[in-house]
Amino acid sequence: MSDNDWHTVTVQVPFASSNHASIAKQAIEVDLELQPQAVKRTISVQGDKLVATFETLTVRLARLTVNAFLENVDLVVRTLEQFGEEAEKRPS
């Protein structure tokens, strides 16, 4: 397939700090895409934003992939809200 056949979606999620955005990136990027031949994902941190770009073969896959990503972001955000400050205060 040519590059023109791919659908691209970029999502930027702001966090309270660049540290929180980095934690989210590390937590999410360990899960590989289930269909790597049909979904390409890049995740980066730009300042305090988590930036994810998805390239998919179909619009349906784009919707499903972004939805799953946002569910993961929601889980990370709720975890950071619950434990983030305490974890940062603990001595290493």
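The notes below deal with the structure included here. The residue numbers shown here count from 1 along each chain, following its written sequence. Note on the predicted model: pLDDT of at least 70 is required for a residue's local features to be given, and 80 or more for side-chain atom pairs to be given and counted; whole-chain, interface and lining totals, by contrast, use all residues. By convention in this description, side-chain values take in all heavy atoms of the structure and omit both hydrogens and water.

1. Examining the pattern of salt bridges
So the rule is basically this: Basic side-chain nitrogens of Lys or Arg form a salt bridge, by our definition, when they fall within 4 Å of a carboxyl oxygen of Asp or Glu. Helical segments are the DSSP runs of H or I of at least four residues, strand segments are the runs of E of at least two, and each set is numbered from the N terminus. Residue exposure (1.4 Å probe, protein chains only): buried if accessible area is under 20% of the type maximum, exposed if over 50%, otherwise partly exposed.
Scanning all chains against the criterion turns up three salt bridges. Between Lys25 and Glu29 there is a salt bridge whose closest N-O contact spans 2.9 Å. Residue Lys25 and its partner Glu29 are located together in helix 1 (residues 18-29), separated by four residues, close to a single helical turn. Note on Lys25: relative accessible area 22%, which makes it partly exposed. Among the salt bridges present, the one from Arg41 reaches Glu33, with a minimum N-O distance of 3.4 Å.

2. Section: the packing of aromatic side chains
To be explicit about the condition: Classification of ring pairs uses Phe, Tyr and Trp, with its six-membered ring standing for Trp, and accepts pairs whose centres are within 6.5 Å; under 30 degrees between planes counts as stacked, over 60 as edge-to-face, and the remaining range as tilted. Think of it as a cone above the ring: NZ of Lys or CZ of Arg counts as a charge over the ring if it is within 6 Å of the ring centre and within 35 degrees of the ring normal.
Inspection of the entire model under this criterion finds one aromatic pair. Consider the rings of Phe54 and Phe69, whose centres lie 5.3 Å apart with planes at 65°: the pair is edge-to-face. Of this pair, Phe54 sits in strand 3 (residues 49-56) while Phe69 is found in helix 2 (residues 59-89), placing the two residues 15 residues apart along the sequence. Given the relative accessible area of 1%, Phe54 is considered buried. Over the ring of Trp6 we find Lys40; its NZ or CZ atom is 4.3 Å from the centre of that ring.

3. Notes on the sheet that holds strand 3
Rule in force here: By definition, two strands form a pair when at least two bridges between them are found by DSSP. Geometry is summarised by axes, namely lines fitted to C-alpha atoms with helices restricted to the contacting stretch, and by angles between N-to-C directions that run from 0 to 180 degrees. By the convention used here, residues are in contact when the closest approach between their heavy atoms is within 4.5 Å.
Read across the sheet, three strands follow the order 1-3-2 without closing on themselves; strand pairing throughout is antiparallel. Edge positions in the sheet fall to strand 1 (7-14) and strand 2 (39-46), since each of these pairs with one other strand and no more. Looking at each pair of strands side by side, their axes are set apart by 15° on average, direction ignored. Its contacts with the sheet put helix 1 on strand 2 and strand 3, and the angle it makes with strand 2 is roughly 160°.

4. Notes on the pairing of strand 3
With respect to burial, strand 3 is a largely interior element, six of its eight residues being buried. Inspection of the sheet shows strand 1 paired to strand 3 by eight bridges, in the antiparallel sense. Bridge assignment links Thr8 to a residue of strand 3, and that residue is Glu55. Across eight bridges, the pairing between strand 2 and strand 3 is antiparallel. Each bridged residue has a counterpart across the sheet, and for Ile43 the counterpart in strand 3 is Ala52.

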